[in-house]
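# Geometric and topological summary
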Amino acid sequence: MQLELADLLERCHAGDELAWEAFVRRFQGRIYSIAYSYAGNPDDARDLAQDIFVRLYSSKRQWPVAVGFVPWLVATSRNLSVDFLRRRRARTAATEVGLDAAAELAGGSLDPEAQVTATRRRSLVWQALRRLTHISRETIILRDIHGLSLDEVATILRIPIGTAKSRTSRARIELAQQVLSLTQPVDPPAPGGW
Amino acid sequence: MERHPHQPIICRTLMTPAERRAMTSAVLARTAGSACQRALTLVGGQPDEPLDAQTTALVAGHLEHCEECRAIERTLAETRDGLASLAEIEPGVEFTAHVVAATSGRRSSARRPMWAGLSQRWAWTVAFGERAASTWDRVLARPRLSLELAYLATVLLVIIIGNPGLVADALGARTSGLVAGDTASGTAGGRQQGMASQGIGSVIPAFVERAMREVERKQESAAKSWNWFVERTSQLWSASWNWLRGLFDWVGAQTTPPAPSAQTEPAKGPVRASQ
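Residues numbered from 1 in each chain as written. Chains lettered and ligands numbered in written order. Predicted model: local features only at pLDDT ≥ 70, side-chain atom pairs only at ≥ 80, totals over all residues.

Across its full length, chain B holds 10 helices and zero strands. For chain B, the α and β elements follow one another from N to C terminus as α-α-α-α-α-α-α-α-α-α. Counting every position in chain B, which comprises 275 residues, the buried fraction comes to 13%. Considering only contacts in chain B between residues 6 or more positions apart, those separated by 24 or more positions represent 50%. (Helix = DSSP H or I, 4+ residues; strand = E, 2+ residues; numbered from the N terminus. Buried ≥ 20, exposed ≤ 12 C-beta atoms within 10 Å, placed from the backbone. Contact = placed C-beta atoms within 7 Å.)

Attention now goes to the overall build of chain A. Each helix and strand counted, chain A has nine helices and zero strands in total. Taken over 194 residues, chain A has a buried fraction of 37%. If you take every contact in chain A between residues at least 6 apart in sequence, the share linking residues at least 24 apart comes to 60%.

The subject of this paragraph is helix α3 (residues 36-45) of chain B. Within the sequence span of α3(B), burial applies to Ala39(B), Leu40(B), Val43(B) and Gly44(B). Along the axis of α3(B), the buried residues cluster in a sector spanning 130°; they form a single face. Tucked inside the fold, the buried residues of α3(B) contact α9 (161-183) of chain A together with α4 (53-65) and α5 (67-84) of chain B. (Arc of directions from axis to C-beta.)

Moving on: the packing of α9(A) against α3(B). Packing of α9(A) against α3(B) brings their axes to within 8 Å, and their N-to-C directions diverge by 105°. Put simply, α9(A) runs roughly perpendicular to α3(B). Along the contact surface, α9(A) presents Lys165(A), Ser169(A), Arg170(A), Arg172(A) and Ile173(A), while α3(B) presents Leu40(B), Thr41(B), Gly44(B) and Gly45(B). Broken down by class, the residue content of the contact of α9(A) with α3(B) amounts to two nonpolar, four polar and three charged. (Axes fitted to C-alpha atoms, helices over the stretch in contact; angles between N-to-C directions. Parallel < 35°, antiparallel > 145°, perpendicular 65-115°, else oblique. Nonpolar A, V, L, I, M, F, W, Y, C, P; charged D, E, K, R; others polar.)

Here we take up the interface of chain A and chain B. Contacts between the two partners involve 46 residues from chain A and, on the opposite side, 36 residues from chain B. Put simply, the parts of the chain that give the side of chain A that touches chain B at least two residues each are α2 (17-39), α3 (42-58), α4 (69-91), α6 (112-131), α7 (134-145) and α9 of chain A. Considered class by class, the residues forming the side of chain A that touches chain B number 20 nonpolar, 12 polar and 14 charged.

Atom-level detail of predicted coordinates should not be read off regions where pLDDT is low. All names here are of chain A. Considering every residue of chain A, the mean pLDDT works out to 82; 83% of them sit at 70 or more. Per-residue pLDDT stays below 50 along residues 93-100; that stretch engages in 14 contacts with residues further than four places along the chain or on separate chains. Ignoring residues within four places in sequence, the model shows residues 190-194, a span with pLDDT below 50, making zero contacts including any to other chains. (pLDDT = per-residue confidence, 0-100.)

Here is the structure:
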């Protein structure tokens, strides 16, 4: 049985250690997913997700109320991830996520065959996401993966809502095109040709 | 069998579906352009903005005849279901323990400040110190800190040790040459000034010469003061630097996380200080 979000946040504010642990358990999947979307590899994503939780713990007094908490959490995680990317870009070039690394991501509780299909589909989508432009990827992450409204996406990205709408539409098409290009077989070389 | 050219119903059957598509493309290319972009924009925006019946029919008509757009639309629908499942990814069984371990060191300081129980005056002092340490910590975390410090140090070195020292040396050498009237020792400037002093002494009254000597004495005194100032400033500089280094060590000791216990695994990766 899970506590209501408002109760959980209130207990966290009061310094309840168990509540904080429950909070981490409840949101670690979501925050790790955001961190993974930006970091691109599991090791960096775990470090980044942990860093995000530490920052959240330090700024407990700034948490909003339960109603707007999840969008705020996504926005905060996104901002910290962007900072992380900026720092990492200053150190070294970003590493591309490989198919194996993406396929290792744990999925839900499905039967083995469905899980294999789901894992394959997930790794394909991750690969396609990595091929998108930064703007398109971010739009897809916020709107379609984390389910924020267009208003919230526009606020986070600091763009007009009309721009957010058109960017989302374009990003979806780009993603579908990338998935298609990843699934289409490579043409065999012409026989006898050099 | 020969078809009659005046029977349009038979003529229509002469075009294969591929030829009809080619014909449509050719006409569109010479008129409004391809409708694929428009259709895909509508298909991509459909979850946010549902289409009316007429537009839906038009898009469906386009998709029926455009294989490429149909493939994209189908992939988009399949991908959309998969995207939602990416919202949560399990980071691993030990992740929660790592996060709790990383935040447990901060819990005690958050609940009971180190100045609790002190008198109000000392409490303010310690709180100010903590705030200053935290500010300093944030400053240290800045990416360009080393560059900024190097720039600042260079500017300070140039101001304190560079030009003023050269000026003081030149002033001291010139003054000593003037006072002693020694043309053999000292710099070329001192030698020239000494010779000039002798020449002037032979033609101007004694009180002018005395006044000049007084001026020279003042110059020497000023040079000594300047040398003392430079020496004192460099002493202060090195003392301040030592004090700052001590402060760095103290801040570093304060912000180092406690060693993990034997039962708890150490937190993965660096835990950065809160801002």
